[in-house]
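# Architecture and fold: a report
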Amino acid sequence: MVIPPAVLLAAALGTGVLGVIGKLGPAVQAMAVRFEDQAAYNAAVLAGANRVHPVAVYPPEPAGVTLTDLPVSVASVAAALVLAWVALYWRRLPALRGYRPSARLAAAARRFQSGVVNDYVTWIVLGLAAIGGALALIIR
């Protein structure tokens, strides 16, 4: 159970180091511009043409790491670690020590979640529909 998270952590750190030190950012940006070029894709699939210089849909932003990116990323990692710690050890927090949900709250939660697989599927579909509706409102 320790090996998969360790491998993922090592891969994330390696990718982060490559992004900061190497030329990974401009290379990924060039691949993204090529991926977004719909006309070049259509020409390659339908006519076999190969476009050397793809056309960007939006003007590309600088792909390098700036000085303001580092504090934001460090703060994001710190917030994620604090959130993970609170999620794991919330019962040990002094403000929540001895907290037990009321019987009414627990009974209401049990009515919504009985442990049957159908309930899980229902809540997942409901959540995805809510996220889709929210995104549709945002995009519109």
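What comes next is a walk through the structure. (Residues numbered from 1 in each chain as written. Predicted model: local features only at pLDDT ≥ 70, side-chain atom pairs only at ≥ 80, totals over all residues. Heavy atoms only, no water.)

A cluster of nonpolar side chains, Ile124, Leu128, Ile131, Leu135, Ile138 and Ile139, forms an exposed patch at the surface whose accessible area comes to about 680 Å². The residue Leu135 is located in helix H6 (residues 117-139) in this model. Taking the relative accessible area as the measure of exposure, Leu135 reaches 46% and is therefore partly exposed. (Patch = residues over 30% accessible without salt bridge, like charges linked within 9 Å, V, L, I, M, F, W, Y side chains within 5 Å. Areas by Shrake-Rupley, 256 points an atom, 1.4 Å probe, with all protein chains shown as cover. Salt bridge = Lys/Arg side-chain N within 4 Å of Asp/Glu carboxyl O. Helix = DSSP H or I, 4+ residues; strand = E, 2+ residues; numbered from the N terminus. Buried < 20%, exposed > 50% of the residue type's maximum accessible area, 1.4 Å probe, protein only.)

Turning to the packing of aromatic side chains, a few remarks are in order. Taken as a whole, this structure holds 1 aromatic pair when the rule is applied. Geometrically, the ring pair formed by Trp85 and Tyr89 is tilted, given 6.0 Å between the ring centres and 45° between the ring planes. With relative accessibility at 44%, the residue Trp85 sits in the partly exposed group. According to the relative accessible area criterion, Tyr89 is partly exposed, its value standing at 33%. (Phe/Tyr/Trp six-rings, centres within 6.5 Å; stacked < 30°, edge-to-face > 60°.)

Moving on to the side chain of Asp37. Structurally, Asp37 is set in the loop between helix H2 (24-36) and helix H3 (38-47). Given the relative accessible area of 5%, Asp37 is considered buried. Asp37 has contacts with Arg51, Pro54 and Val55, leaving out every residue within four places of it along the chain. (Contact = heavy atoms within 4.5 Å.)

Geometric values such as these leave the question of function open.
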